[in-house]
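Letter by letter, the chains look like this.
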Amino acid sequence: MQKHDQDYIRRKNRSTVFELIRKHSPLSRAEIARLTGMSPTTVSRIVSELYQQDFMHEIEQTTTGVGRKAVMLHVNPGSVLSVGVEIDRSGIRIGIVDLDGKVVHSTQVTRDSRETPEATLERIASAIEELIQAEDIDRRKVVGIGVGLPGIVDYAGGSVVLSAQLGWKQTDIAGELRRLTGFEVAVDNELKVRALAEHQYGSARGSSRSVLIGFGSGVGSSLIIDGEIYRGETNSAGEIGHTVVDPGGLLCECGKVGCLQTYIAEASLVEQANKIKPIGSLEELFQARKDGEYWAASIVDRAMTFVAVTVSNIACVYNPDTVILTGKLVESFPEVRDFISDKCMDQFVWEPLRGTFQIVYSALESDGVVIGSGILAQNLFLDIDRQMEQAD
Ligand SMILES: [Zn+2]
């Protein structure tokens, strides 16, 4: 028991030091001791262990002002790699992600929307294997696979509860991919991993409470508090698409009336447009608005109003310091961004909250989910508490 405790503390300290250098490098040994409260001897021992295992390197740097040289520690970004996988309705993106959150190699696989989950997972497993071989990647450095997809995900169980977009229900993704590849697997909702990526390497760096809102095929949000994903009881925190904003409103696919997504989601906007004129996409709808068609302006203007209302409601619920807007509606149409920057804060956000947070857009764009999924797998590997639980 005693030995077990000591082993735990030793590993926990090691992981704390590694995480600190990973997130705040360059750091000196003295800074690490000060930030962690560990003794200089402990820090030196841990650093030399990590150094021997190639997890970090030292760089001699002139410290500003004093002109003295100090030895600073950096993580070796290629020492730990993970595989990030994004599964979408029509395609799959796979990337090898390093400790700096960079996609160092990537590949894409098309997906037939009618194929079974098992067939998709088999194709993902082969594509990962091919990528590792083609790029001559050292398998021992690959610590796991992270998967991000749309839908309700049982994070602890590694399975999809329901994904309407993929047509998957009760699918054990982690178990199946682990069996096929031999790697550890973590699975989460796409907006949650995207938020994690933006928080760690994108437009919300340095934020302590950020919310990402996705306006795409559905509407959803994800909250990151002090670097951790806020999941709620069943990993469904942030599912705002089905919050009712008008009890006398439009019928939603979920069977309720007046859900937020009926005013913002792409399919819903296209469906409303089709009551007037055959329209196939958001692009055509925005073009009709530009051409001065009144009905198109009314649908788009209402959607923009609801985007602004959503930002305000989210700010009231979570009181974040940063709100990240993502998804086709806000990324592909400058009209929407203009509306947000002109009106959102001044006209829609509740007065006491105005100026208490910044509104930003994705910095990682199409790589966001792959990077976030890769981080998820790395975090699982670095989670000492979880490893000790498994060892018991
Ligand atoms: Zn609904």
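Parameters and conventions
Residues numbered from 1 in each chain as written. Predicted model: local features only at pLDDT ≥ 70, side-chain atom pairs only at ≥ 80, totals over all residues. Heavy atoms only, no water. Pairing = 2+ DSSP bridges. Helix = DSSP H or I, 4+ residues; strand = E, 2+ residues; numbered from the N terminus. Axes fitted to C-alpha atoms, helices over the stretch in contact; angles between N-to-C directions. Contact = heavy atoms within 4.5 Å. Donors = N, O, S within 2.8 Å, 3.2 Å for Na, K, Ca; no water. Tetrahedral: all angles 85-135°; square planar, octahedral: opposite > 155°, others 65-115°. Buried < 20%, exposed > 50% of the residue type's maximum accessible area, 1.4 Å probe, protein only. Expected span 1.5 Å × (residues − 1). Phe/Tyr/Trp six-rings, centres within 6.5 Å; stacked < 30°, edge-to-face > 60°. Lys NZ or Arg CZ within 6 Å of the ring centre and 35° of its normal. Domains from an automatic or database assignment. Buried area = accessible area lost by both parts, 1.4 Å probe. Salt bridge = Lys/Arg side-chain N within 4 Å of Asp/Glu carboxyl O. Polar contact = N/O pair within 3.5 Å; in protein donor to acceptor, adjacent residues only side chain to side chain. Nonpolar A, V, L, I, M, F, W, Y, C, P; charged D, E, K, R; others polar. Parallel < 35°, antiparallel > 145°, perpendicular 65-115°, else oblique. Left-handed = near helix turned anticlockwise from the far one by under 90°.

1. Some remarks on the sheet that holds strand 5 (residues 103-110)
- Pairing is mixed across the open sheet formed by five strands, whose spatial order is 5-4-3-6-10. Each of the sheet's edge strands pairs with one partner strand only, and the pair in question is strand 5 and strand 10 (185-189). Taking each pair of neighbouring strands and ignoring which way they run, the sheet shows an average axis angle of 20 degrees.
- Sheet topology places strand 4 (residues 91-97) next to strand 5; seven bridges connect them, and they run antiparallel. Its bridge partner lying in strand 5, Gly95 is registered against Ser106.
- Lying over the sheet, helix 6 (residues 190-201) contacts strand 3 (81-87), strand 6 (142-149) and strand 10, oriented at roughly 100 degrees with respect to strand 10.

2. A word on the coordination of the zinc ion
- All of the protein donors around the zinc ion are His242 (ND1), Cys252 (SG), Cys254 (SG) and Cys259 (SG); their distances to the metal are 2.1 to 2.3 Å.
- Considering all four donor atoms around the zinc ion, the spread of angles at the metal, 106 to 117 degrees, places the coordination shape in the tetrahedral class.
- Here the donor residues of the zinc ion are spaced in sequence according to H-x9-C-x1-C-x4-C. Residue His242 is found in the loop between strand 13 (228-229) and helix 7 (261-264), and its partner Cys254 is found in the loop between strand 13 and helix 7; the two are separated by 12 residues along the sequence.
- The partly exposed category is assigned to His242, whose relative accessible area is 29%.
- For Cys254, a relative accessible area of 39% translates into the label partly exposed.

3. Quick word on the environment of Leu20
- Within the secondary structure, Leu20 sits in helix 1 (residues 2-24).
- With relative accessibility at 16%, the residue Leu20 sits in the buried group.
- Sequence spacing of Leu20 and Val75 is 55 residues, and the spatial spacing of their C-alpha atoms is 9.8 Å.
- Filtering out sequence-adjacent residues up to four positions away, Leu20 remains in contact with Ser25, Leu27, Ile32, Leu35 and Thr36.

4. So, helix 6
- Between its first and last C-alpha, helix 6 extends 16 Å over 12 residues, near the 16 Å set by a 1.5 Å rise per residue.
- Leu191, Lys192, Val193, Arg194, Ala195, Leu196, Ala197, Glu198, His199, Gln200 and Tyr201 are the residues of helix 6 that are buried.

5. Examining the packing of aromatic side chains
- What the rule picks out here adds up to four aromatic pairs.
- The ring of Tyr155 has Arg231 lying over it, and the distance from NZ or CZ to the ring centre is 3.6 Å.
- Cation over ring: Arg337 sits above Tyr361, and NZ or CZ is 3.8 Å from the ring centre.

6. A short note on the domain arrangement of the protein chain
- By domain assignment, the protein chain separates into domain 1 (2-75), domain 2 (79-194 + 368-391) and domain 3 (205-362).
- Opposite the 12 residues of domain 1 that make contact, domain 2 presents 13 residues.
- Both faces considered, domain 1 and domain 2 share a buried interface measuring about 1100 Å² in area, 58% of it formed by carbon and sulfur atoms.
- The largest contributions to the domain 1 side of the interface with domain 2 come from Tyr8, Arg11 and Arg22, which together make up 45% of the buried area.
- Scanning the region where domain 1 abuts domain 2 turns up zero salt bridges.
- Inspection of the domain 1/domain 2 interface yields one residue pair in polar contact (both at pLDDT 80 or more).
- For the side of domain 1 that touches domain 2, the element with the most residues is helix 1, which contributes nine residues.
- Of the residues assigned to the side of domain 1 that touches domain 2, the class counts are four nonpolar, two polar and six charged.

7. Notes on the pattern of salt bridges
- A full pass over the atoms with the stated rule returns 18 salt bridges.
- We note a salt bridge from Glu115 to Arg123, for which the minimum N-O separation is 3.3 Å.
- For Glu115, a relative accessible area of 16% gives the class buried.
- On the accessibility criterion, Arg123 (31% relative accessible area) is partly exposed.
- With a shortest N-O distance of 2.7 Å, Glu129 and Arg139 are connected by a salt bridge. You can see Glu129 sitting in helix 4 (residues 117-134) and its partner Arg139 sitting in the loop between helix 4 and strand 6, a full 10 residues away along the chain.
- Three or more residues joined by partner-sharing salt bridges are found here, namely Arg14, Arg45 and Glu49.

8. Description of the packing of helix 4 against helix 5 (residues 173-181)
- Their axes nearest at 10 Å, the elements helix 4 and helix 5 cross at an angle of 40 degrees. On the basis of the axis angle, helix 4 is oblique to helix 5. Crossing angle aside, the handedness with which helix 4 passes helix 5 is right-handed. In this structure, helix 4 uses Leu121, Glu122, Ile124 and Ala125 to contact helix 5, whose residues at the interface are Ile173, Glu176, Leu177, Leu180 and Thr181.

9. Observations concerning the side chain of Gln200
- Looking at the secondary structure, you find Gln200 in helix 6.
- Sequence-distant contacts of Gln200, defined by excluding residues within four places in its chain, comprise Arg22, Lys23, Arg205 and Ile375.

10. So, the sheet that holds strand 13
- Sheet architecture is open: five strands sit in the order 13-12-11-14-15, paired in mixed fashion. Sheet topology places strand 13 and strand 15 (358-361) at the edges, where each strand pairs with a single neighbour.
- The sheet contact formed by strand 11 (residues 209-215) and strand 14 (residues 322-326) spans five bridges and is parallel. By the bridge assignment, Leu212 is partnered in strand 14 with Ile324.
- Packed onto the sheet, helix 10 (residues 294-318) meets strand 11, strand 12 (219-225), strand 14 and strand 15 and runs at close to 150 degrees relative to strand 11.

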